[in-house]
Amino acid sequence: MLKTIEALGNRLPHPVLLFLLLALIVVAASVVAHALGVSGVHPATGETLSAVNLLSAETLRRMLVEMPKTFTGFPPLGTVLTVMIGIGIAERSGLIAAALGGFVRSVPRALLALALTFAGIMSSLAVDAGYVVLVPLGAAIFAAAGRHPLAGLAAAFAGVSGGYSANLLVTSLDPLLGGISETAAQMIDPGYTVLATANWFLMMALVPVFALVGAFVTVRVVEPRLGSWQAPPGFELMATGALSSDERRGLARAGLGALAIGLFIAALSWGEGAVLRDPATGGLEPLYSAIVALTAIGLAVLGILYGRATGRIRSAADAIKMAEDAIASMASYILLAFMAAHFIAFFAWSNLGTISAIHGAGALRESGLSEVPLLVGVVTLTAFLNLFMGSASAKWAILSTVFVPMFMLVGISPEATQAAYRIGDSVTNIITPLMSYFPLALVAATRYLPGMGIGTMIATMLPYSVAFYLAGILTLLAFLVLGLPIGPGTPVFLTPAGD
């Protein structure tokens, strides 16, 4: 099956042309949907949303006038290019190669996939930085260990994106979704509150589950299928032998630099009134939002410290040239991002994704299923809708207003409904080109497999998606059957609100 998917996918045109064709298909679909009067009533606002004809004069004008804004406003673009400045210096100075060489030597070969998947899952604490840093590094780590780099990239990508909802700690996603759930719950119980820790216990439990499942899929499914890898001509493999005295000195200086940077960040975020705390709430949201900038600056500083110690950076011009080369290497991604940004924007402007979510939620509501099948249905429907509508908060803003009140009336807590949604929302991230970081992962893979098609990428990631979907449902069902709280003081079942 995977070979068939890969073969069909690789018959598709170059990813840049593919996104262009997809954008044209969305335009055509919007014209047909508008002519047929396709619409849906938003359950939260009561507003009737109709399919928008993308060939109308108003929308055509918007396409042309907002083209630069659509491109530069593509969420991953600024993140990727910002972090690449720091990564470029750290990589070209030799710091990343030396550090990863040490990592490969210190971690047993059998645990590399597990370590990468676990690190990917935990990277959601850094918002989107895991996509930019860890996914390419996963490929580099596996290549250095003599294993197929696409398997390492896949393990990291599965953890970062497929396991995005899971974490051992509360992330910025928890209060965001909790606030939406609370608003929906108050349609039934005006005094109901949903805490940011509502799904904490379940999300903690999913970390080892997803990490082990991801490692198993990597070793038992993905690597055997990919086979051996031969480095393309001109490709420089990372050295994994003993470090030279200059490299050891460079790593020591970089280590001290990392400690100093850590202390500096702690000083900026420690205590009331700290620079990286919200002045109104005292929360750490500014710190989370600054992770990308801090990562770029930190990597650049550490790369310079390492390069000065080893002699690879002798002047500011050397570091600047490294950063320039890093940005130049992203040319293919920048072009791909331009096309992907417009495809995603056209899909959003057409309202087709939102209308699909509204009708999908309505169909599940009318299904007449009992509690457990209903929750499994939420996971499944969300996983499907996530293929077309990427934003977690936007989807939940629609689905919560249907599912949360409905499930409360049959005795399922809003927190449990939210938990089912979160599982479904992440497991298909890794197989949809609509996920904004999918093009970045594809471009990173082509460094090791020039000319690799989108079919190979989807076929490689599909086993993780299916495995995470099944593992997530089984973990949720285990909490239901055992009557375990999914968060501090958070039950799965309520006394039905109609009783």
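## Re the overall build of the protein chain
At step 1: When you go through the protein chain residue by residue, the secondary structure sums to 22 helices and two strands.
At step 2: Since a compact globule built from 499 residues should have a radius of gyration of about 23 Å, the 24 Å found for the protein chain is in line with a globular shape.
At step 3: Dimensions of the protein chain, computed from C-alpha atoms along their principal axes, come out at roughly 75 × 50 × 50 Å.
At step 4: Expressed as a percentage of the 499 residues in the protein chain, the buried residues total 51%.

## Topic: the side chain of R147
At step 1: Residue position: R147 is located in the loop between α8 (129–144) and α9 (149–162).
At step 2: Among the polar contacts listed, one links the side chain of R147 to the side chain of E223, at a separation of 2.6 Å.
At step 3: Discounting chain neighbours no more than four positions away, the residues touching R147 are R109, L112, F142, V219 and E223.

## A word on helix α16 (residues 331–350)
At step 1: For α16, which comprises 20 residues, the first-to-last C-alpha distance of 29 Å matches the rise-based estimate of 28 Å (1.5 Å per residue) to within 8%.
At step 2: Once α16 ends, the next one or two residues include N351, with phi positive near 70°.

## Observations regarding the packing of helix α19 (residues 392–409) against helix α20 (residues 414–427)
For any two helices packed against each other, one specifies the inter-axial angle together with the distance between the axes.
At step 1: Relative orientation of the contacting elements α19 and α20 amounts to 140°, with a least axis distance of 9 Å. Between α19 and α20 the crossing geometry is right-handed. Residues A392, K395, W396, L399, F403, V404, F407 and M408 of α19 form the contact with α20, whose own contacting residues are P414, T417, Q418, Y421 and D425.
At step 2: Taken together, the residues of the contact of α19 with α20 break down into nine nonpolar, two polar and two charged.

## What to know about the environment of A467
At step 1: Locating A467 in the fold gives a position in helix α22 (residues 454–482).
At step 2: With near-sequence residues (within four places) excluded, A467 lies in contact with V213 and V217.

## Considerations on the environment of F264
At step 1: Inspection of the secondary structure puts F264 in helix α12 (residues 245–269).
At step 2: A relative accessible area of 51% places F264 in the exposed class.
At step 3: Between the C-alpha atom of F264 and that of G377, which follows or precedes it by 113 residues, the distance is 47 Å.

## Some points on the nonpolar core
At step 1: Residues F157, L202, Y333, F403, M457, M461 and Y464 are the most contacted members of the largest nonpolar core, which totals 143 residues.
At step 2: Here this core takes twelve residues from α22, the largest share from any one element.
At step 3: I89, A319, M322 and A323 belong to the second largest nonpolar core, which has six residues in total.

## Some thoughts on the pattern of salt bridges
At step 1: The final tally for this structure, using the stated rule, is eight salt bridges.
At step 2: Residues E91 and R92 are paired through a salt bridge, measuring 3.5 Å at the closest nitrogen-oxygen approach.
At step 3: Judged by relative accessible area, E91 falls into the partly exposed class, the value being 27%.
At step 4: Overall, R92 belongs to the partly exposed group, its relative accessible area being 28%.
At step 5: R422 is paired through a salt bridge with D174; the nearest N and O atoms lie 2.6 Å apart. Here the residue R422 occupies a position in helix α20, and D174 occupies one in helix α10 (residues 173–185), the gap between them amounting to 248 residues.
At step 6: Since its relative accessible area comes to 5%, D174 is described here as buried.
At step 7: Put simply, E91, R92 and R447 are held in one network by salt bridges that share partners.

## A few points about unusual backbone geometry
At step 1: In this structure, N351 is a non-glycine residue whose phi angle is positive, near 70°.
At step 2: Assignment of secondary structure puts N351 in the loop between α16 and α17 (352–365).

## Things to note about the packing of helix α18 (residues 371–385) against α22
At step 1: The contact between α18 and α22 brings their axes to 11 Å, and the two run at 150°. On the basis of their axis angle, the class for α18 and α22 is roughly antiparallel. Here α18 runs over α22; the crossing is right-handed. Together, V372, L375, V376, V379 and T380 of α18 and Y469, I473, L476, L477 and L480 of α22 make up the contact between the two elements.
At step 2: Its residues assigned to classes, the contact of α18 with α22 shows nine nonpolar, one polar and no charged.

## Description of the confidence of the model for the protein chain
At step 1: In this model, the protein chain carries a mean pLDDT of 86, and residues with pLDDT of at least 70 account for 95%.
At step 2: Mean pLDDT values over the elements of the protein chain span from 74, in helix α6 (residues 95–106), up to 96, in helix α11 (residues 200–226).

## Side note on the side chain of T70
At step 1: Along the chain, T70 falls in helix α4 (residues 67–72).
At step 2: In contact with T70, not counting residues within four places along its chain, are A341, H342, A345 and W349.

## Section: the environment of G257
At step 1: Residue position: G257 is located in helix α12.
At step 2: Take G257: its relative accessible area is 11%, and that puts it in the buried class.
At step 3: Considered as a pair, G257 and G298 are 41 residues apart in the sequence and their alpha carbons are 8.6 Å apart.
At step 4: The contact partners of G257, leaving out residues within four places of it in the chain, are L302 and L305.

## Digging into a nonpolar patch on the surface
At step 1: Together, F118, L168, L169, F201 and M204 make up an exposed nonpolar region whose accessible area comes to about 380 Å².
At step 2: Note on placement: M204 falls in helix α11.

Here is what the cut-offs are and how they apply
- Residues numbered from 1 in each chain as written.
- Predicted model: local features only at pLDDT ≥ 70, side-chain atom pairs only at ≥ 80, totals over all residues.
- Heavy atoms only, no water.
- Helix = DSSP H or I, 4+ residues; strand = E, 2+ residues; numbered from the N terminus.
- Rg over C-alpha atoms; globule rule 2.2 N^0.38 Å.
- Buried < 20%, exposed > 50% of the residue type's maximum accessible area, 1.4 Å probe, protein only.
- Polar contact = N/O pair within 3.5 Å; in protein donor to acceptor, adjacent residues only side chain to side chain.
- Contact = heavy atoms within 4.5 Å.
- Expected span 1.5 Å × (residues − 1).
- Axes fitted to C-alpha atoms, helices over the stretch in contact; angles between N-to-C directions.
- Left-handed = near helix turned anticlockwise from the far one by under 90°.
- Nonpolar A, V, L, I, M, F, W, Y, C, P; charged D, E, K, R; others polar.
- Core = buried A, V, L, I, M, F, W, Y, C linked by side-chain atoms within 4.5 Å.
- Salt bridge = Lys/Arg side-chain N within 4 Å of Asp/Glu carboxyl O.
- Parallel < 35°, antiparallel > 145°, perpendicular 65-115°, else oblique.
- pLDDT = per-residue confidence, 0-100.
- Patch = residues over 30% accessible without salt bridge, like charges linked within 9 Å, V, L, I, M, F, W, Y side chains within 5 Å.
- Areas by Shrake-Rupley, 256 points an atom, 1.4 Å probe, with all protein chains shown as cover.

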